[in-house]
Amino acid sequence: MKKSALALAVLAALSLNASAQTNVQVYGIMDAGVEYVNHATANDGSQVRVVSGGKNTSRWGFRGSEDLGGGLKAVFNLEGGVMLDTGAQDGNLFKRQANVGLEGGFGRVIIGRSFTTTYDLVIKFDPMGFAPNYSWATSSNATGPSKYGMTTAFDNLIKYTGTTGGFTYGATVGMGEQAGSAADGRKYAVGGSWFGGPVGLMASYEQINGNTLAATGDRDKTTAFHLGALYKAGPMTYQAGMRGYKLQSGKAATPDVRGDTYWAGATWAAYPWTLTGAVYHVNTKNLPSAKDADPTMLVGRAMYSLSKRVWLYASVAHAKADHGQLVGLSRDDPGFGSTQTGVTTGIQYRF
């Protein structure tokens, strides 16, 4: 079934490309590396492993548009993840993007599955560019409750994005599609950014509703707001941001889960070299003092461009948590100690 779906997608893209008014692009990122990480197993052992997406998540996709006249275009995007270490599909065939919509002077409106307004804004203010190895700007460390993070993509969404001068703004609604309550399972994201000269600023807010619990009549509700700033001076770019996270439980006598994540970093770019250093810190809240991890991660990365599409990179990171609590470097891989150190070297090819 998966092979059939992929074949249909390829045929559809080729068919669309035959139309003179339709522009269809096949694109992707192939990113693989070798990682050493300590405190990576239950017996406190270290690992050396091949990883897919050391700098950016490996992916492939189709995107296109058709001119409808009068400044109006129809647009679509299909994008799926791939695990280069095994060749496996990363989730659903088009887990990352599956949407269609219209674009014009009013902006862009799409329907389907896509990244949220919050994600689109925050990633531009992350020094590591939302690297799977190693960044906490969107997800925090893997061992925190709910990762003190944000939701990067919504199913069943309606999304608007607009631009005016240096401003970019938008909103995303993910339909809960629960019978009897339009609010159950509903997801919201809204925000904007401004870039003028060397300065950039960003603010966003999101809310994720759970389903109403019969026992209390309440529902879980997660909220996260973000603030960010950047400054460019010659070959240097300085970035800083923060997230305020809160999970309000629908269960009786259950305390909120709260945590604020802060990050800052600097990047020096002079082709073919790009050097980045960053620090991430999570201030965990509403926890007993002995359980208050407050983890911090230091990261450094060097990239060397072999061409405009091919990069070699090496990243090193060290994370530490207080009070003997567990900490993990990456959003998907838990740690088994109060510290963890990792080194990743890899290659990325973009097409």
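Overview of the structure. Since the structure is predicted, the reported quantities are computational estimates derived from the model, not experimental observations. (Residues numbered from 1 in each chain as written. Predicted model: local features only at pLDDT ≥ 70, side-chain atom pairs only at ≥ 80, totals over all residues. Heavy atoms only, no water.)

## Remarks on the pairing of strand S9 (residues 167-174)
So the rule is basically this: Only when DSSP finds a minimum of two bridges between them are two strands counted as paired. Note on conventions: DSSP H or I runs of at least 4 residues are helices, E runs of at least 2 residues are strands, and numbering of each starts at the N terminus.
By the bridge criterion, eight bridges tie strand S8 (residues 153-164) to S9 in an arrangement that is antiparallel. Its bridge partner being in S9, Thr 161 is matched across the sheet by Gly 170. Counting the residues between successive antiparallel strands, the hairpin from S8 to S9 contains two residues, one of them, Gly 165, with a positive phi of roughly 60°. In terms of strand pairing, S9 meets strand S10 (residues 187-196) through eight bridges, oriented antiparallel. Along S10, the bridge assignment pairs Gly 174 with Lys 187.

## Points about the packing of aromatic side chains
Stated formally: Stacked, tilted and edge-to-face are the three classes assigned to paired rings of Phe, Tyr and Trp, where Trp is represented by its six-membered ring and a pair needs centres within 6.5 Å; plane angles under 30 degrees give stacked, over 60 edge-to-face, the rest tilted. Relative accessibility under 20% of the residue-type maximum defines a buried residue, over 50% an exposed one, and the middle range a partly exposed one, all with a 1.4 Å probe and only protein chains included. Only when the NZ of Lys or the CZ of Arg is both within 6 Å of the ring centre and within 35 degrees of the ring normal is a charge said to sit over the ring.
In this structure the tally under the stated criterion is ten aromatic pairs. Between Tyr 160 and Tyr 169 the ring centres are 6.4 Å apart and the planes differ by 40°, which places this aromatic pair in the tilted class. Here Tyr 160 falls in the partly exposed class, since its relative accessible area comes to 27%. Taking relative accessible area as the criterion, Tyr 169 reaches 32% and is therefore assigned partly exposed. One aromatic cluster in this structure is built from Trp 60, Phe 62 and Phe 94. Of note, Arg 63 hangs over the ring of Tyr 27, and the distance from its end group to the ring centre comes to 3.8 Å.

## A short note on the environment of Met 297
We count it as follows: Only heavy atoms matter for contacts: two residues are in contact if any of them lie within 4.5 Å across the pair.
Mapped onto the fold, Met 297 is located in strand S16 (residues 296-305). Among the residues examined, Met 297 registers a relative accessible area of 0% and is labelled buried. A sequence separation of 16 residues divides Met 297 from His 281, and the C-alpha atoms of the two residues are 6.5 Å apart. Ignoring anything within four residues of it in the chain, the contact list for Met 297 reads Tyr 134, Ser 135, Trp 136, Ala 278, Val 279, Tyr 280, Ala 317, His 318, Ala 319 and Leu 329.

## Some points on the pattern of salt bridges
Counted only if it meets this: Any Lys or Arg side-chain nitrogen found within 4 Å of a carboxyl oxygen on Asp or Glu counts as a salt bridge.
Enumeration over the complete set of coordinates arrives at ten salt bridges. Between Glu 103 and Lys 73 there is a salt bridge, with the nearest N and O atoms lying 3.6 Å from each other. Within this pair, whereas Glu 103 is found in strand S6 (residues 97-104), its partner Lys 73 is found in strand S4 (residues 72-83), the two being separated by 30 residues in sequence. A relative accessible area of 22% means that Glu 103 is categorised as partly exposed. Here Lys 73 falls in the partly exposed class, since its relative accessible area comes to 30%. The partner of Glu 103 in a salt bridge is Arg 108, with the nearest N and O atoms 2.6 Å apart. What emerges from the salt-bridge pattern is a single network uniting Lys 73, Glu 103 and Arg 108.

## Points about the side chain of Gln 239
Our working definition: Counting of polar contacts relies on pairs of N or O atoms within 3.5 Å, with two restrictions inside protein: one atom must be capable of donating a hydrogen and the other of accepting it, and residues adjacent in sequence are counted only when both atoms are side-chain atoms.
Counting through the fold element by element, Gln 239 comes out in strand S13 (residues 236-248). Only 2.9 Å separates the side chain of Gln 239 from the backbone oxygen of Lys 124, close enough to count as a polar contact. Once residues lying within four places of it in the same chain are set aside, the contact partners of Gln 239 are Lys 124, Phe 125, Asp 126, Pro 127, Ala 229, Leu 230, Trp 263, Ala 264 and Gly 265.

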